[in-house]
Amino acid sequence: MKRALRILAWSISLFLLATEIAHGQDAFPTGRSFDPAEMEIDEDLFLGKTVPDIGITTESGEKRTLRAFAGKPLILSLVFFSCPYACPMIQRGLVKGLQEVDARPGDDFRVLTLSFDAADTPETASRFRKALVAGKTPPSTNGAWDFAVATDAEIREITSAVGFR
């Protein structure tokens, strides 16, 4: 189930990006082209590996470590909260995808949206969550879905451990 949820999240993210580009929306307004290889992760190198127990700060200012998420599968979504294009789109895809599966956040798994920008703060995490699904109820932070930030060193440690670059 863990792998299925992870594959679902990545698939939705890539589908939404491809859909946006196919419909002529300028996903990269700076003129930069998109190379799909930038998002590839060699899963075989990372499956079954232990991730470091880094410290995080939630949008409410609560300090935790990843160990606090133990006990249920965890979907780790890495974004930065001031990202105007791909990151919100990826998160909206994750919200939509999770609404279409039988598993429920909190009961069957948890979600952690973690910024990979050390300049982000609990306040920017909160704004990102609230803007995520404008006009709808944002994802709950009742322990089923958390939005958090970390220090630069902790970000480098977790992104390296999961193959995110």
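Before any of the text, the structure's been laid out above.
The structure presented is a predicted model; accordingly, all values stated were derived computationally and were not measured.

About the criteria used
- Residues numbered from 1 in each chain as written.
- Predicted model: local features only at pLDDT ≥ 70, side-chain atom pairs only at ≥ 80, totals over all residues.
- Heavy atoms only, no water.
- Pairing = 2+ DSSP bridges.
- Helix = DSSP H or I, 4+ residues; strand = E, 2+ residues; numbered from the N terminus.
- Axes fitted to C-alpha atoms, helices over the stretch in contact; angles between N-to-C directions.
- Contact = heavy atoms within 4.5 Å.
- Buried < 20%, exposed > 50% of the residue type's maximum accessible area, 1.4 Å probe, protein only.
- Polar contact = N/O pair within 3.5 Å; in protein donor to acceptor, adjacent residues only side chain to side chain.
- Salt bridge = Lys/Arg side-chain N within 4 Å of Asp/Glu carboxyl O.
- Core = buried A, V, L, I, M, F, W, Y, C linked by side-chain atoms within 4.5 Å.
- Phe/Tyr/Trp six-rings, centres within 6.5 Å; stacked < 30°, edge-to-face > 60°.

Caption draft 1: The arrangement of the sheet that holds strand β5 (residues 145–149) in detail. What the five strands build is an open sheet, ordered β2-β1-β5-β4-β3; its pairing is mixed. Edge strands, defined here as strands with exactly one partner in the open sheet, are β2 (63–65) and β3 (74–79). Adjacent strand axes in the sheet meet at a mean angle of 35° when their direction is disregarded. Docked against the sheet, helix α3 (residues 86–99) engages β3, β4 (110–115) and β5, running at close to 160° with respect to β3. With respect to the sheet, helix α5 (residues 152–162) is in contact with β1 (55–58), β3 and β4, its orientation differing from that of β3 by roughly 120°.

Caption draft 2: Structural context of the pairing of β5. Among the five residues of β5, five are classified as buried, and the element is accordingly described as predominantly covered. Burial along β5 is two-sided: the face carrying Trp145, Phe147 and Val149 and the face carrying Asp146 and Ala148 are both buried. Note that β1 and β5 share two bridges and pair antiparallel. Among the inter-strand pairings, Thr57 is bridged to a residue of β5, identified as Val149. Sheet topology note: the β4/β5 ladder contains four bridges and is parallel. Note that in β5 the partner of Val111 across the bridge is Trp145.

Caption draft 3: Quick peek at the environment of Ser60. Following the sequence through the fold, Ser60 ends up in the loop between β1 and β2. Among the residues examined, Ser60 registers a relative accessible area of 63% and is labelled exposed. A distance of 3.0 Å separates a polar atom in the side chain of Ser60 from a polar atom in the side chain of Thr58.

Caption draft 4: The side chain of Thr159, seen in detail. Within the secondary structure layout, Thr159 lies in helix α5. For Thr159, a relative accessible area of 10% gives the class buried. Residue contacts for Thr159: discarding those within four places in its chain leaves Leu78, Phe116 and Phe164.

Caption draft 5: Spotlight on the pattern of salt bridges. Applying the stated criterion across every chain, the model contains six salt bridges. Residues Asp146 and Arg64 are paired through a salt bridge, measuring 3.2 Å at the closest nitrogen-oxygen approach. With Asp146 in strand β5 and Arg64 in strand β2, this residue pair connects regions lying 82 residues apart in the sequence. In this structure, Asp146 and Arg110 form a salt bridge, with 4.0 Å as the shortest nitrogen-oxygen distance. On the criterion of sequence distance, the pair formed by Asp146 in strand β5 and Arg110 in strand β4 is long-range, its members being 36 residues apart. The two residues Asp146 and Arg110 agree in class, both being buried. Salt bridges sharing common partners tie together Glu62, Arg64, Arg110 and Asp146.

Caption draft 6: Seen up close, the nonpolar core. With 19 residues, the main nonpolar core has Phe81, Leu98, Val111, Trp145 and Phe147 as its most contacted residues. Of all elements in the fold, only β3, α3, α4 (122–132) and β5 reach the threshold of two or more residues within this core. For this core, the element with the highest residue contribution is α3, accounting for four residues. Sequence-distant contacts of Phe81, that is, excluding residues within four places in its chain, are made with Thr113, Ser115, Asp120, Thr124, Ala125, Phe128, Phe147, Ala148 and Val149. Among the nonpolar cores identified, the runner-up in size contains 11 residues, and Phe69, Leu78, Leu112 and Ala148 belong to it.

Caption draft 7: Structural detail: the packing of aromatic side chains. By the definition in use, this model includes five aromatic pairs. Pairing Phe80 with Phe116 gives two aromatic rings, centres 5.4 Å apart and planes at 70°, and the pair type is edge-to-face. Residue Phe80 is located in the loop between β3 and α3, and its partner Phe116 is located in the loop between β4 and α4; the two are separated by 36 residues in the primary sequence. On the basis of relative accessible area, Phe80 is assigned to the partly exposed category, the value being 25%. When the ring of Phe81 is compared with that of Phe128, the centres are 5.0 Å apart and the planes differ by 50°; the resulting orientation is tilted. On the criterion of sequence distance, the pair formed by Phe81 in the loop between β3 and α3 and Phe128 in helix α4 is long-range, its members being 47 residues apart. For the pair shown, Phe81 and Phe128 are each scored as buried.

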